[in-house]
Amino acid sequence: MLPEIQEIADFVGDSLELAIKAAESPHQLIVFCGVHFMAEGVKVVSPEKTVLLPRLEAGCFMADMINISALRKFKEKYPGRPVVCYINTDAEVKAESDICCTSANAVSIVKSVNSPEVLFIPDRNLGLYVQRFTNQRIIPWDGWCNVHHRFKPEDIIRLREKHPDVIVVVHPECSPEVIDLADEVFSTGGMVKFAKESPHKKIAFATEEGLVERIRRENPDKQILSVGSPKTCVNMKSIRIQDVLESLKELKYKIEVPEEIIEKARIPLIRMLEISRGKEFTRKIFERHQLPNIKT
């Protein structure tokens, strides 16, 4: 998001982090500054709350690269293979999947699936990154992030020529060629943590410029660079401070997800949380919202 929106937020984080924060909050009104699939995720986890998205057209190019019809055809082409669904998807697609993952836990989630072959949707680059760490065959959907896919190997090569002492950190949504040249590969949350804890004083990140700005703001004692020219997500940046004000004043735009989709989409999310956060954590989250127990 734009810096001024980050500054007024109660919480700043990635999509899963924010869905959990919203679920844990006692407030019944959530204004979600992000893209559509993220706001849907909050509604799935907290269906009794009013979830507002300041700009309804704030979508995600990657999430839009697959829909429920395309996923069903993909599953027909590879019958019997379980579907690991990146959290960057809409609720309908999650409802048609077996288990969710984030960029931080994708490797452990795939390894937890008892199958020699796994369908991975929708980010091809993240699927190929996971393939490096498992003997399972990853069959990826041909989607990508229009921000991270724009980083090129030559961006890193030029950066190192200018700053030979720099540490390069890239997101696993980047292409394999970019990942091969990096020093570290981290998810959004992992990047924030690495920047704070690393002894290195000059670090370059291959990720969306809004995250680079956040890391720069939180680490004033370090030189934080962007790999290549700054890359921005136009959908994220479409939400302005005035949109947030109007959303609060007029209670727009309300995110609605059909009850039957919420029921089905919760299952892959619960499976993921049980593996990545533990059954007790997951039970508390969903009990807080008086959601019925489901067999996962």
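For the structure itself, consult the block above.
Treat the numbers as computed from the prediction; the structure is a model and nothing was measured. (Residues numbered from 1 in each chain as written. Predicted model: local features only at pLDDT ≥ 70, side-chain atom pairs only at ≥ 80, totals over all residues. Heavy atoms only, no water.)

1. Some remarks on the environment of Q6
Along the chain, the position of Q6 falls in helix α1 (residues 3–8). When its relative accessible area of 9% is taken as the criterion, Q6 is described as buried. With 211 residues separating them in the primary sequence, Q6 and R217 have C-alpha atoms 11 Å apart. When sequence neighbours within four positions are dropped, the list of residues in contact with Q6 reads M1, V12, G210, R214 and R217. (Helix = DSSP H or I, 4+ residues; strand = E, 2+ residues; numbered from the N terminus. Buried < 20%, exposed > 50% of the residue type's maximum accessible area, 1.4 Å probe, protein only. Contact = heavy atoms within 4.5 Å.)

2. Here's the deal with the packing of helix α10 (residues 188–197) against helix α11 (residues 209–218)
For the pair α10 and α11, interaxial distance at closest approach is 10 Å and the crossing angle is 25°. The orientation of α10 with respect to α11, classified from their angle, is roughly parallel. Seen along the crossing, α10 lies across α11 with a hand that is right-handed. Residues T188, M191, V192, A195 and K196 of α10 form the contact with α11, whose own contacting residues are L211, R214, I215 and E218. For the contact of α10 with α11, the class distribution of residues is five nonpolar, one polar and three charged. (Axes fitted to C-alpha atoms, helices over the stretch in contact; angles between N-to-C directions. Parallel < 35°, antiparallel > 145°, perpendicular 65-115°, else oblique. Left-handed = near helix turned anticlockwise from the far one by under 90°. Nonpolar A, V, L, I, M, F, W, Y, C, P; charged D, E, K, R; others polar.)

3. Structural notes on the sheet that holds strand β10 (residues 223–226)
Strand pairing in a sheet is mediated by backbone hydrogen bonds. Such pairs are either parallel or antiparallel. Spatially, β8-β7-β9-β10 is the arrangement adopted by the four strands of the open sheet, whose pairing is parallel. Sheet topology places β8 (184–185) and β10 at the edges, where each strand pairs with a single neighbour. Relative to β8, strand β7 (residues 167–170) is paired through two bridges, and the arrangement is parallel. Bridge pairing in β8 links V169 to E184. The strands touched by α10 within the sheet are β7, β8 and β9 (202–206), with β9 carrying the most contacts at an inclination of about 175°. (Pairing = 2+ DSSP bridges.)

4. Description of the nonpolar core
One finds V84, I121 and V170 to be the most contacted residues of the largest nonpolar core, which totals 86 residues. Per-element accounting of this core gives the leading share, seven residues, to helix α14 (residues 259–276). Not counting residues within four places of it along the chain, the set of residues in contact with V84 comprises I99, C101, I109, V110, V113, V118, L119, F120 and I121. Listed in part, the twelve residues of the second largest apolar core include I167, F194, A195 and F205. (Core = buried A, V, L, I, M, F, W, Y, C linked by side-chain atoms within 4.5 Å.)

5. What to know about the sheet that holds strand β6 (residues 137–140)
Across the sheet, which stays open at both edges, the four strands sit in the order β4-β3-β5-β6 with parallel pairing between neighbours. Because the sheet does not close on itself, it has two edges, and the strands there are β4 (99–101) and β6. Direction aside, neighbouring strands of the sheet carry axes that sit 30° apart on average. Bridge analysis of strand β3 (residues 83–86) against β4 gives three bridges, and the strand direction is parallel.

6. Some remarks on unusual backbone geometry
Between I121 and the following residue, P122, the backbone shows a cis peptide bond with an omega angle of -10°. Mapped onto the elements, P122 comes out in the loop between β5 (117–121) and α7 (124–131). Across the junction of K252 and Y253, the peptide omega takes the value -5°, indicating a cis bond. Unusually for a residue other than glycine, L251 sits at a positive phi of about 55°. Summarising the element assignment, L251 is placed in the loop between α13 (241–250) and α14.

7. What about the packing of aromatic side chains?
Scanning all chains against the criterion turns up four aromatic pairs. An angle of 75° between the planes, with centres 5.1 Å apart, marks the rings of F74 and W141 as edge-to-face. Pair noted here: F74 is in helix α4 (residues 68–77) and W141 is in the loop between β6 and α8 (153–162), with a separation of 67 residues, a long-range link. On the basis of relative accessible area, F74 is assigned to the buried category, the value being 8%. You can call W141 buried: its relative accessible area is 18%. Within the aromatic cluster, the residues linked to one another by ring pairs are F74, Y78 and W141. (Phe/Tyr/Trp six-rings, centres within 6.5 Å; stacked < 30°, edge-to-face > 60°.)

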